[in-house]
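# Architecture at a glance
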Amino acid sequence: MTGVQTCALPISKTKSKAKSKKKRIGWREWVSLPDWGIKKIKAKIDTGARTSAIHAFKVMPFTKDGGAFVRFLVHPRQRHRKPEVACVARVIDQRRITDSGGNCQERYVVRTTLKLGKSSWPIEMTLSNRDSMGFRMLIGRQAIRRRYVVDPARSYVVRKKKKSAAAKRKAR
């Protein structure tokens, strides 16, 4: 040897346990937004985006009981004009967002519940015109932080568990 010494360092058990608790998701997943009555919308998991975004149009701000709110419509189906889902949300912020093309835009930020498989939690989302984009919704890294690991080689990893045969018979 030429005086170069190598050594193997033990992997921290704490880190490996913490990583193993995170569930795996694909780069795109089916999600729902129950607060707005959206049962199914295809979302791209975008770890390059800090905040989540949804395609919203006919956005109309209004005041109710002294608080800022916004009314808007959503097309939950990609490349389809129907259905249109009418939504209302409290405005929690207005932020300047820089898109992937470097363009800055002032957007409303709202909070809603995201449901992915059987898990639900509150997320912040910006309202944006994503009509020309491939996905109606982006899930940014803040929404999945400490919950999921993204597998970029897979899609639609999270699925609702199918009812067992006994549960199906009982439902009849």
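Sequence order as written defines residue numbering, which begins from 1 separately in each chain. Per-residue local features are limited, in this predicted model, to residues with pLDDT of at least 70; the limit for side-chain atom pairs, both in listing and counting, is 80 or more; totals at the level of whole chains, interfaces and linings are taken over all residues. Heavy atoms from the whole structure form the basis of all side-chain values; hydrogens and water molecules are not counted.

### Describing the overall build of the chain
Note the cut-off: The secondary structure listing takes helices from DSSP runs of H or I that are at least 4 residues long and strands from runs of E that are at least 2 residues long, numbered from the N terminus. Burial classification: accessible surface area is computed with a 1.4 Å probe over protein chains only, and a residue below 20% of its type maximum counts as buried, one above 50% as exposed, and the rest as partly exposed. Under the convention used here, a 1.4 Å probe and the Shrake-Rupley method define accessible areas, while residue burial counts only the protein chains that appear.
Scanning the chain from N- to C-terminus turns up three helices and eleven strands. Reading the chain from its N terminus to its C terminus gives the helix and strand order α-β-β-β-β-β-β-β-β-β-β-α-β-α. Expressed as a percentage of the 172 residues in the chain, the buried residues total 34%. Put simply, the chain shows about 12000 Å² of open surface, and 50% of that area lies on carbon and sulfur atoms.

### Regarding the nonpolar core
Cut-off, in case you're wondering: Here, nonpolar core refers to any group of buried Ala, Val, Leu, Ile, Met, Phe, Trp, Tyr and Cys residues whose side-chain atoms link them within 4.5 Å. Throughout, a contact is declared for two residues whenever any of their heavy atoms are within 4.5 Å.
Counting 29 residues, the largest nonpolar core has Leu-33, Trp-36, Ile-54, Phe-72, Met-137 and Ile-139 as its most contacted members. Taken together, the elements giving at least two residues each to this core come down to strand E2 (28-33), strand E3 (38-46), strand E6 (67-74), strand E7 (85-98), strand E8 (104-116), strand E9 (119-128), strand E10 (137-140) and helix H2 (141-144). Each residue touching Trp-36, except ones within four places of it in the same chain, is listed here: Ile-54, Phe-72, Val-85, Cys-87, Val-88, Ala-89, Val-110, Thr-112 and Met-125.

### Regarding the packing of aromatic side chains
Threshold: Here a pair means two rings of Phe, Tyr or Trp (six-membered ring of Trp) with centres within 6.5 Å. Their orientation is stacked below 30 degrees between planes, edge-to-face above 60, and tilted elsewhere. In this analysis the charged atom, NZ for Lys or CZ for Arg, is taken to sit over a ring once it is within 6 Å of the ring centre and within 35 degrees of the ring normal.
Scanning all chains against the criterion turns up five aromatic pairs. Their ring planes at 75° and their centres at 5.8 Å tell us that Trp-27 and Phe-135 sit as a pair that is edge-to-face. Note that Trp-27 is positioned in the loop between strand E1 (23-26) and E2 and Phe-135 in the loop between E9 and E10, a separation of 108 residues in sequence. Ring geometry for Phe-62 and Phe-69: centres 5.7 Å apart, planes at 25°, overall stacked. Overall, Phe-69 belongs to the buried group, its relative accessible area being 12%. Over the face of the ring belonging to Trp-30 we find Lys-40, whose NZ or CZ atom lies 4.6 Å from the ring centre. Directly above the ring of Phe-69 sits Lys-64, whose terminal nitrogen or CZ lies 5.8 Å from the centroid.

### Let's talk about the pattern of salt bridges
We apply this condition: Put simply, a salt bridge is a Lys or Arg side-chain nitrogen that is within 4 Å of an Asp or Glu carboxyl oxygen.
This structure, assessed with the given rule, holds five salt bridges. Of the charged contacts, one joins Asp-151 and Arg-24 as a salt bridge, the two residues approaching to 3.6 Å between their closest N and O atoms. Here the residue Asp-151 occupies a position in strand E11 (residues 148-151), and Arg-24 occupies one in strand E1, the gap between them amounting to 127 residues. Linked by salt bridges that have partners in common, Asp-93, Arg-95, Arg-111 and Glu-124 make up one network.

### Some details on the side chain of Thr-112
As a reminder of what qualifies: Contacts described as polar in this section are N or O atom pairs within 3.5 Å, which, within protein, must combine one atom able to donate a hydrogen with one able to accept it, while residues neighboring in sequence count only if both atoms come from side chains.
Secondary-structure assignment places Thr-112 in strand E8. In terms of polar contacts, Thr-112 uses its side chain to reach the side chain of Asp-35, at 3.3 Å. Each residue touching Thr-112, except ones within four places of it in the same chain, is listed here: Leu-33, Asp-35, Trp-36, Trp-121, Pro-122, Ile-123 and Met-125.

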